[in-house]
Amino acid sequence: MNPSQATEEFIKIADASCNKAQVVGVVEKSIDPNGFTLVMVPKDQAYKDFSAAYFEPNNTYELIWEADALSACSASISFSLAKEAGVKSDIVVNYHSSDGSFETTQDLGEYGTSHIRYTVDAGLLSATETLDSDNADERSIKYGNLSDGDWRILKTAVDAFLTDQ
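Quick summary incoming for the structure in this document.

Rules and cut-offs
Residues numbered from 1 in each chain as written. Predicted model: local features only at pLDDT ≥ 70, side-chain atom pairs only at ≥ 80, totals over all residues. Heavy atoms only, no water. Helix = DSSP H or I, 4+ residues; strand = E, 2+ residues; numbered from the N terminus. Buried < 20%, exposed > 50% of the residue type's maximum accessible area, 1.4 Å probe, protein only. Contact = heavy atoms within 4.5 Å. Pairing = 2+ DSSP bridges. Axes fitted to C-alpha atoms, helices over the stretch in contact; angles between N-to-C directions.

### Side note on the environment of Thr119
Moving on, step 1. Tracing the backbone shows Thr119 in strand β7 (residues 113-121).
Moving on, step 2. By relative accessible area, Thr119 is classed as partly exposed at 37%.
Moving on, step 3. A C-alpha to C-alpha distance of 6.8 Å links Thr119 and Phe102, two positions 17 residues apart in sequence.
Moving on, step 4. For Thr119, the contacting residues outside a window of four places in its chain are Leu124, Leu125, Ser126 and Ala127.

Pasting the structure below:
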């Protein structure tokens, strides 16, 4: 695929992934055993009006305020916002035919440059790998069928937030 075709295909996959995440929920887990877990449930299943949270070992539970914090939605939202603004997205997409993955590069200004590799399975984003040496991160992406433990992350984060209010 040339870069234009890669971008078009990636946008379709990113949009399908975010839509699926919003309809059935999504869990993203860091590959690192001491890493984080992000959880988002469909809005109609929100717990006390909240639908996304993350957990880090040492009992850190926090709310996620924007869906673009999740890999399943970040690229889709970024492309959508650029389109809405009538500008071309600054995300550069490359396709790797050797493994069917996509790699994005985005200039984040004062925050540096983001390089992310996305693995695709059945037309959806299934894993990401942040290729930046300072922020290396690999995570799996699973849609739907949230476990009791996944729900506990959301409920614990919401309850802690509401207690602090």
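### Re the sheet that holds strand β5 (residues 92-96)
Moving on, step 1. The nine strands are arranged β4-β3-β2-β1-β9-β8-β7-β6-β5 in an open sheet whose pairing can be described as antiparallel. A single partner strand is all that each edge strand has here, and the edge strands are β4 (60-63) and β5. Each neighbouring strand pair of the sheet contributes to a mean axis angle of 20°, computed without reference to strand direction.
Moving on, step 2. Direction of pairing for strand β8 (residues 124-130) relative to strand β9 (residues 137-143): antiparallel, over a ladder of four bridges. Residue pairing in the sheet places Glu129 in a bridge with Glu138 of β9.
Moving on, step 3. The strands touched by helix α2 (residues 71-85) are β1 (26-30), β2 (37-40), β5, β6 (101-107), β7, β8 and β9; relative to β9, the strand with the most contacts, the crossing angle is about 90°.
Moving on, step 4. Where helix α3 (residues 148-164) meets the sheet, its contacts fall on β1, β2, β3 (52-56), β4 and β9, and the angle it forms with β4 comes to roughly 75°.

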